[in-house]
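Spelled out, the chains give:
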Amino acid sequence: MQLASDAPLPEYRIRGVPEIARLALAAFRALVAMADSLLNCCWQVRDARIHDRAVPPHLDIGIIQERHHAIDWVIGYDGMPLDEVATDT
């Protein structure tokens with residue numbers, strides 16, 4: 001499975017405003033990196049539960065899931081409306 005941050009990103013060229021395009025792409029890459037980080041946090045919690053270990057104290061699954069849901073919506077995950085965005089892991 002290819003992580004979103006590993007996927008090639010299109011290089012956009014906006015005539016007359018290359019700085020805006022560069023900043024937009026940088027912002028999108030930052031959001032994808034956040035989504036990947038949250039996915040990793042979800043797996044840390046899941047792995048701890050599967051192996052009957054304590055969940056790391058700095059990880060609150062409720063907060064992680066809410067942030068994962070919001071970031072997936074912002075980056076347009078599956079093109080779904082906010083109420084239907086999944087937090088697939």
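A few points on the structure. (Residues numbered from 1 in each chain as written. Predicted model: local features only at pLDDT ≥ 70, side-chain atom pairs only at ≥ 80, totals over all residues. Heavy atoms only, no water.)

1. As for a nonpolar patch on the surface
Residues Trp73, Val74 and Leu82 make up a contiguous nonpolar surface patch of roughly 270 Å² in combined accessible area. Tracing the backbone shows Trp73 in helix α2 (residues 61-74). Taking the relative accessible area as the measure of exposure, Trp73 reaches 41% and is therefore partly exposed. (Patch = residues over 30% accessible without salt bridge, like charges linked within 9 Å, V, L, I, M, F, W, Y side chains within 5 Å. Areas by Shrake-Rupley, 256 points an atom, 1.4 Å probe, with all protein chains shown as cover. Salt bridge = Lys/Arg side-chain N within 4 Å of Asp/Glu carboxyl O. Helix = DSSP H or I, 4+ residues; strand = E, 2+ residues; numbered from the N terminus. Buried < 20%, exposed > 50% of the residue type's maximum accessible area, 1.4 Å probe, protein only.)

2. Description of unusual backbone geometry
One non-glycine residue, Asp52, adopts positive backbone phi at about 50°. Its place among the elements puts Asp52 in the loop between α1 (18-50) and α2.

3. Considerations on α2
Helix length check: α2, at 14 residues, gives a terminal C-alpha distance of 20 Å against a target of 20 Å (1.5 Å per residue), a fit within 8%. Contact partners of the buried residues in α2: α1. Looking one or two residues beyond α2, the residue adopting positive phi is Gly76, at roughly 80°. (Expected span 1.5 Å × (residues − 1). Contact = heavy atoms within 4.5 Å.)

4. So, the pattern of salt bridges
Tallied over the entire structure, the rule returns one salt bridge. Asp47 is paired through a salt bridge with Arg53; the nearest N and O atoms lie 2.3 Å apart. Asp47 gets classed as partly exposed once you look at its relative accessible area, which sits at 31%.

What is shown is where atoms sit, not what they do.
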